[in-house]
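Close look at the chain arrangement
Each chain is listed here by its residues.
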Protein chains: 2
Amino acid sequence: MNEDLTYILKEQHDLSVIGGIGALMGWDQMTYMPKAGSSDRAEQSAFLSKLSHDRVIADPFYDAVQRLQEKNIFTTLEEPQQHIITRLHKDLKKARKVPSTFVEKMAKTTTLSYQAWEQARSANKFSVFAPHLEAIFDLEREYISFFDIPGPAYNTLLDDYEEGMTVDILNKEFTTLRKELTSLLDTITTSKHYERQQPLDLTMEETQQKNLCMKVIKTMMLPEERARLDVSTHPFTTSLGDNDVRITTNFSRPNPLFSLFSTIHEAGHALYELGVPKGCYKDTVISDAPSLGIHESQSRFWENMIARGMPFWQYFYPELQQIHAQLQKMPLEVWYQHINQVKPSLIRVEADELTYCLHVILRFELEQQLINQEIKIGQLPDQWNQMMDEYLGITPDSDINGVLQDMHWSGGSVGYFPTYAIGSIYAAQLYQQLSKEHIDLSTHIQQGNFEQIIDWLKNHIHEHGRLFTADELIKNTCGEGLNAHVFLNYLKHKYLPIYEV
Amino acid sequence: MNEDLTYILKEQHDLSVIGGIGALMGWDQMTYMPKAGSSDRAEQSAFLSKLSHDRVIADPFYDAVQRLQEKNIFTTLEEPQQHIITRLHKDLKKARKVPSTFVEKMAKTTTLSYQAWEQARSANKFSVFAPHLEAIFDLEREYISFFDIPGPAYNTLLDDYEEGMTVDILNKEFTTLRKELTSLLDTITTSKHYERQQPLDLTMEETQQKNLCMKVIKTMMLPEERARLDVSTHPFTTSLGDNDVRITTNFSRPNPLFSLFSTIHEAGHALYELGVPKGCYKDTVISDAPSLGIHESQSRFWENMIARGMPFWQYFYPELQQIHAQLQKMPLEVWYQHINQVKPSLIRVEADELTYCLHVILRFELEQQLINQEIKIGQLPDQWNQMMDEYLGITPDSDINGVLQDMHWSGGSVGYFPTYAIGSIYAAQLYQQLSKEHIDLSTHIQQGNFEQIIDWLKNHIHEHGRLFTADELIKNTCGEGLNAHVFLNYLKHKYLPIYEV
């Protein structure tokens, strides 16, 4: 084998190994680590990050990749190797544009900023967080200056999470989405059915919740020898190796169904992680997702299209009724309406399927205004509250329930939020396509048979890893790119009958 | 600060960080890792081991230490720095005598050997393991050849686990111990009380066991923000950082008290780990135990001297009775006799406090015979069985219950077993000394007040780390070195009354 190629594959392998170790440290920190372990863990994480970063940006590594990129050598490579080199070249070129001094500055700023965000939440005071947020947005603008991605500055931030996505595309789709969602919401909230709707009065012991979650991940065929479920404050999925994916949930939220739906959501991510290409792509840049939107499409698909649908509960409701005596008298139809209640809420992560994207669009708009310096940090809470009123008809009673609710900005993640809405739209597009190709889909779900669905997702999404961009992947599968109308159609077909409008 | 010193302390720090990460990987592997994660984990562990080993044996590191060792520079160092450099110099000189090629060969051999040991256990056939054990002992002899430690070859192996310990010292103490223990055992097993003794008929739910274990570690003042208890096949203690120590137990053993006593045992190790010196010794070679015997003395002290003693149960029995209704009718004296039953058993880890050391001495004798090639590997099972009969009056019915029971040899740990008996002896010596210095010891224990004990162990053992050798530490504390008579006296005073002889 070509000497450069051997060296590159070894580096890729080691970086993947380091990545797996880092994932274990992160997982442990969120699940089992004793409190006082945090300062040692911070040093361990910093050590590993440096180890990884130094190797990613090392000149000999990039030089080797560049040599293989040269046409006369590139053409001698086998096809999978060509894919790896092309992808790696793009990634490295991008990573090397950011000076190490900036990476360090960002790391320090976000550490302080996260602490300030927590303090601000304790004190319910945005002003505690404001100067740190200012520093973060200054750094984001500095970050943008390292690149020459065309169009609005915000495109550069988007590109990190959703390669190739632009403000233009999102403006078009999100404008449609916002207008139609607010109109749909208006139709629903003025309906008779909405007036009568009551919150679900249900309590569930932790062990009941846990049993239910274990049942559902078994139903979703998440292999127990390759995956596990634990508990953390905020649910997440992380991959420690090709055959070791961990998901988490939380059994102590006020809503007893939080654990079930978040487990299904994370299991959707986990199936994806377990399905990304191995073999000749193991431990390489290809063995990953092309974008966060695609990753989110997998979790949303399972959480919403499948697990909030009637066929799923035709199968699963008897299981739930067995676990929970209180539900034995509640008809399936009533249950179905309960888990699909629409109601504007202040908190994004508690939002229903229909209003969720309005929370995302609000953040997308605000992030652009801040990046473009159209508003000042000090104006943010007011602006937030005004837009909440405009989009959802409700106004936060406090900063905690408003502008301070998400941790993303404190960690320097700007441009991230849109991927949640992109994921919802892609999920609807995939669901529509799958339904077209398998007219017996509902029957399979009613029977608790998810093999067909998992295989379809694997064949169309999972096993392609990063061989295509998100846009290519969706076009190849669904015949068109991001299309908010498909998602809106799905919502209308589902929710108008529920609200009898 | 001296440039060499800065560099050395940075290396020490990084090695400690890598050690903490490695401990996390080991802990996770034994507790939560999904089965199929093992091959990726093996690569992650190998990667980290190499990273650590390469830095330990790097020439610049050793050269810097040597330069600081030179008298005119050494005397300019502060006292703690002198301790660090002296200790480090010894450690590195030793580590550098072993060629990297040998380390790799040993790693490969033990990996195969461990698998063969597991297969041999499944098949209950020593012959499956024999050729691998032969290879291990060949490597052990090769290992010995790298050093010039005086006396019998076995001294070199001992020195790795119990620095400065020799066959001469152990022969003397273990001969006394073996003779007196077999005689004491004979007295007990021929007593009327022994004839009448019945095994404890007790079942305990996992949640009951868990509650009990959580109570006992609270009683032992193991701080919950710095330590945690989980479940693994074999109980162990591991340190992930200065403020993050993890212990494990197992709730599925046939003996329902296994979890309680193993938790106490591991909590004894954990208190030690949390107590080793920090401050100027943080992340250095000093912040550790001088020997495995000393470490084991801490676990045995709590498991046996404290938690199998009458004063402890005067305090703790009512707690247990609250958890377990079946015991509400059993008088404390009967309970005390039950948990202190002497009965020769085939399996070391199930042995009672009195017969335990006979299992260890048997292994000590056999290891020497194998190292000195006085017997052949093929003779081992017969030799084992003969000695079991001689020492304990029972003969294994199968290899699993005999020569195949311990994993130590398959991992290349030869010379390790004696530290278990050394720990038992040291524990008795520490207990005797503590009792002398605190005549109100029993009263404190009866009241569930362990602060005095923990402080005493901290002041005399924990906080000295590796500033002294094991021998120095015990001499400083108890006025004499290893003395089996103290342990024998303790056993006689405890067990002769129980068996009314």
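Conventions and cut-offs
- Residues numbered from 1 in each chain as written.
- Chains lettered and ligands numbered in written order.
- Predicted model: local features only at pLDDT ≥ 70, side-chain atom pairs only at ≥ 80, totals over all residues.
- Heavy atoms only, no water.
- Phe/Tyr/Trp six-rings, centres within 6.5 Å; stacked < 30°, edge-to-face > 60°.
- Helix = DSSP H or I, 4+ residues; strand = E, 2+ residues; numbered from the N terminus.
- Buried < 20%, exposed > 50% of the residue type's maximum accessible area, 1.4 Å probe, protein only.
- Lys NZ or Arg CZ within 6 Å of the ring centre and 35° of its normal.
- Pairing = 2+ DSSP bridges.
- Axes fitted to C-alpha atoms, helices over the stretch in contact; angles between N-to-C directions.
- Salt bridge = Lys/Arg side-chain N within 4 Å of Asp/Glu carboxyl O.
- Parallel < 35°, antiparallel > 145°, perpendicular 65-115°, else oblique.
- Left-handed = near helix turned anticlockwise from the far one by under 90°.
- Contact = heavy atoms within 4.5 Å.
- Nonpolar A, V, L, I, M, F, W, Y, C, P; charged D, E, K, R; others polar.
- Buried area = accessible area lost by both parts, 1.4 Å probe.
- Polar contact = N/O pair within 3.5 Å; in protein donor to acceptor, adjacent residues only side chain to side chain.
- Core = buried A, V, L, I, M, F, W, Y, C linked by side-chain atoms within 4.5 Å.

1. What to know about the packing of aromatic side chains
In this description, an aromatic ring pair is defined by two values, namely the gap between the centres and the angle between the planes. For the coordinates displayed, the defined rule picks out 63 aromatic pairs over all chains. Look at Tyr356(B) and Tyr420(B): their rings are 6.3 Å apart centre to centre, the planes differ by 80 degrees, and that puts the pair in the edge-to-face class. Of this pair, Tyr356(B) sits in helix H16 (residues 356–371) while Tyr420(B) sits in helix H18 (residues 418–437), and the two are 64 residues apart along the sequence. Tyr420(B) shares its class with Tyr356(B); the two are buried. The ring of Phe261(A) is capped by Arg308(A), whose NZ or CZ atom sits 3.9 Å from the centre of that ring.

2. Here we look at the sheet that holds strand S1 (residues 227–231) of chain A
All names here are of chain A. The sheet built from 3 strands is open, its strands ordered S1-S3-S2 with mixed pairing. Among the strands making up the open sheet, the edge pair consists of S1 and strand S2 (237–241). Averaged over all neighbouring strand pairs, the angle between strand axes comes to 25 degrees, with direction disregarded. In the sheet, S2 pairs with strand S3 (residues 244–249) via 4 bridges, with the strands oriented antiparallel. Counted as the bridge partner of Thr238 is Arg246 from S3.

3. A few points about the pattern of salt bridges
For the structure on display, the rule yields 63 salt bridges over all chains. For Arg87(B), the salt bridge goes to Glu163(B), with nearest N and O atoms at 3.0 Å. Residue Arg87(B) is located in helix H5 (residues 79–95), and its partner Glu163(B) is located in the loop between helix H8 (154–161) and helix H9 (167–189); the two are separated by 76 residues in the primary sequence. Members of the salt-bridge network, linked through shared partners, are Lys10(A), Glu11(A), Asp14(A) and Arg55(A).

4. Here's the deal with the packing of helix H1 (residues 3–31) of chain A against helix H5 (residues 79–95) of chain A
Residues and elements named next belong to chain A. The N-to-C vectors of H1 and H5 enclose an angle of 65 degrees; their axes lie 12 Å apart at closest approach. It follows from the interaxial angle that H1 and H5 lie roughly perpendicular. Where H1 crosses over H5, the two elements pack in a sense that is left-handed. Of H5, the residues touching H1 (which contributes Leu5, Ile8, Leu9 and Gln12) are Gln81, Ile84, Ile85 and Leu88. Residue composition of the contact of H1 with H5, by class: 6 nonpolar, 2 polar and no charged.

5. A look at the interface of chain A and chain B
Across the boundary between the two partners, chain A contributes 37 residues, which contact 37 residues of chain B. In this assembly, chain A packs against chain B so that about 2,800 Å² is buried in total across both faces, 61% of it on carbon and sulfur atoms. Counting the surface chain A buries against chain B, the share from its top three residues, Tyr32(A), Pro34(A) and Phe47(A), is 20%. For Asp28(A), the salt bridge identified is with Arg246(B), shortest N-O distance 2.8 Å. There are 17 residue pairs in polar contact (both at pLDDT 80 or more) connecting chain A and chain B. Contributions of two or more residues to the side of chain A that touches chain B are made by H1, helix H2 (38–56), S1, S2 and S3 of chain A. When grouped by side-chain class, the residues that make up the side of chain A that touches chain B number 15 nonpolar, 6 polar and 16 charged.

6. A few points about the nonpolar core
Membership of the largest hydrophobic core comes to 131 residues, with the highest contact counts inside it found for Leu177(B), Phe301(B), Trp302(B), Trp313(B), Trp335(B) and Ile453(B). Among residues more than four places away in sequence, those in contact with Ile453(B) are Phe301(B), Trp302(B), Ile306(B), Leu434(B), Leu441(B) and Ile445(B).

7. Quick look at the sheet that holds strand S1 (residues 227–231) of chain B
All names here are of chain B. The sheet built from 3 strands is open, its strands ordered S1-S3-S2 with mixed pairing. The sheet is open, and its two edges are formed by S1 and strand S2 (237–241), each paired on a single side. This sheet shows a mean twist of 25 degrees between the axes of neighbouring strands, independent of strand direction. Strand direction decides the pairing type here: S1 and strand S3 (residues 244–249), joined by 5 bridges, are parallel. Along S3, the bridge assignment pairs Val231 with Thr249.

Nothing here speaks to function; it is geometry throughout.
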